[in-house]
Amino acid sequence: MSISNPSGRDVFSSKFGVIAAAAGSAVGLGNIWRFPYVAGENGGGAFLLIYLAFIIAIGLPVMLSELLIGRKAQQNAFGSFRKLAPESMWPLVGLMGVIAAFLILAFYSTISGWTLEYLYQAISNGFAHGDTKVMFDDFKQGTFRPLMWQMVFMLLTAWIVFSGVKNGIEKYAKILMPLLFILILVMCVRSLSLPGSSAGLDFLFKPDFSKISMGVILEALGQAAFSLSIGMGALITYGSYIQRQNNLGKTAFQVTVADTAIAILSGVMIFPAVFALGFQPDSGAGLVFEVLPKLFLEMPGGYFFSILFFFLLAVAALTSTISVLEVVVAYFSEELNISRKKATVIGAASISVLGVFATLSFSDLSGINILGQSIFGLMEYTAANVLLPLGALLIVIFVGWKLKHAIVREELSNENSLRVKYFKVFFFIVKWLAPIAITAVFLNGVGLLKLG
């Protein structure tokens, strides 16, 4: 029988389940695919220091803001704002999060499908049969295989979400997150065992402050927000499933530590091997799908470790797609008053249809350009550069300026049963620092603030 709260909603049954699910939402391709190449493009160690500072100073308070909104309201992202700020425009912030989740999963499922193709290629030793860049381009520009893998990934995601919060999301998060951590550790040990790997560690952990520019600072702040999965309602939705006795501040801190550890370990996994085998760290978005397959070919035991890596990548993607789909399912179920199972089918099916356009934008629909962007590019740009930072900005404004201090303190202190020594610092960041920082990321992302 499912554990539920007084409102009758399904909830996470354990503290570890909360941390595993929320960390799974945050940990994903943003950590293992995006973080290494963004760090590589922005100088390594100096970028990492700034990134860590923003994770602690901005990311953690924003994450905590989302969790407290969700737990206080016990509703989906839209319903939470409607309950806490009735008869106002604030529910539109939650709706914007649902739209962002819809768009994100549409194009994210495309990339997630790539991880399954590459897992298949690793198992079949496909990397040994040609140029990996040509292989990647040929695969993306195909029709059947990219669509097939995208649909397989959406079915996996929907199957888990279909089973519910406790018996689906929490159950599999408890399995997938420890598995992900173990796989990364194994890959790190292998990478560090290669001759010349110390150059990669130097790149990652010895900061070259001459590399720092305002552009690098904004990239680090943007990556911190992207990495923690803030601004799209996933953490509000998951917050609504957290039981009242859980310490929200401690939970947010533990999730942040887990997310950051995975990002750093991803760098340790990739950069030592990249340097040891003579590749470039600033290879951009193709680092994982073009450079690493070549790297595995040259690495002793590369066949086994290529399978391990792309399985790891697929697991990381799945932990995130689950949380993104849950945002949409919770909204459909509660706002349209339909069963969770029906909401999952409708949500997954409609996102999959939109995802077809994202996937085919590299092939059959490559000739379609909207505002100078491909369909995939437009979805990614709209979600990552507009909806996510705007959502995060409005969330911290809501907590810092709209919600009463007493409500925020009550939620963080579990109705005054916990001491919240960090409250003044938290409120100062949420009210002043976070809005300024997120506004800078937003303006930079939409091209209104260009700093080199």
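Draft legend 1. Inspection of the nonpolar core at higher detail. The biggest cluster of nonpolar side chains holds 157 residues, and the ones touching the most others in it are I32, F289, F309 and F310. At 20 residues, the largest contribution of residues to this core is made by helix α14 (residues 302-335). Every residue in contact with F289, bar those within four places of it in the chain, is listed here: W33, I111, W114, T115, Y118, T132, F136, F310 and L313.

Draft legend 2. Broad picture of the packing of helix α9 (residues 198-205) against helix α12 (residues 248-276). Packing of α9 against α12 leaves a shortest axis separation of 7 Å and a crossing angle of 135 degrees. Considering the angle they form, α9 stands oblique to α12. Crossing of α9 against α12: the hand is right-handed. Contact with α9, carried on its side by A199, G200, L201, F203, L204 and F205, involves I264, G267, V268, F271, P272 and F275 of α12 and no other residues of that element. Split into classes, the residues belonging to the contact of α9 with α12 amount to 10 nonpolar, 2 polar and no charged.

Draft legend 3. Broad picture of helix α4 (residues 77-84). Residues of α4 that are buried: A77, F78, G79, S80 and F81. Here α4 starts with a cap whose side-chain oxygen sits 3.0 Å from the backbone nitrogen of F78, and that cap is N76.

Draft legend 4. Seen up close, the packing of aromatic side chains. Applying the stated criterion across every chain yields a total of 31 aromatic pairs. Between Y118 and F289, the ring centres sit 5.1 Å apart and the planes meet at 75 degrees, which makes this aromatic pair edge-to-face. Highlighted residues: Y118 in helix α5 (residues 91-123) and F289 in the loop between α12 and α13 (291-298), separated in sequence by 171 residues. Accessibility classification places Y118 together with F289 in one group, the buried group. Centre to centre, the rings of F296 and F309 are 5.7 Å apart; their planes meet at 45 degrees, and the pair counts as tilted.

The rules we used
Residues numbered from 1 in each chain as written. Predicted model: local features only at pLDDT ≥ 70, side-chain atom pairs only at ≥ 80, totals over all residues. Heavy atoms only, no water. Core = buried A, V, L, I, M, F, W, Y, C linked by side-chain atoms within 4.5 Å. Buried < 20%, exposed > 50% of the residue type's maximum accessible area, 1.4 Å probe, protein only. Helix = DSSP H or I, 4+ residues; strand = E, 2+ residues; numbered from the N terminus. Contact = heavy atoms within 4.5 Å. Axes fitted to C-alpha atoms, helices over the stretch in contact; angles between N-to-C directions. Parallel < 35°, antiparallel > 145°, perpendicular 65-115°, else oblique. Left-handed = near helix turned anticlockwise from the far one by under 90°. Nonpolar A, V, L, I, M, F, W, Y, C, P; charged D, E, K, R; others polar. Polar contact = N/O pair within 3.5 Å; in protein donor to acceptor, adjacent residues only side chain to side chain. Phe/Tyr/Trp six-rings, centres within 6.5 Å; stacked < 30°, edge-to-face > 60°.

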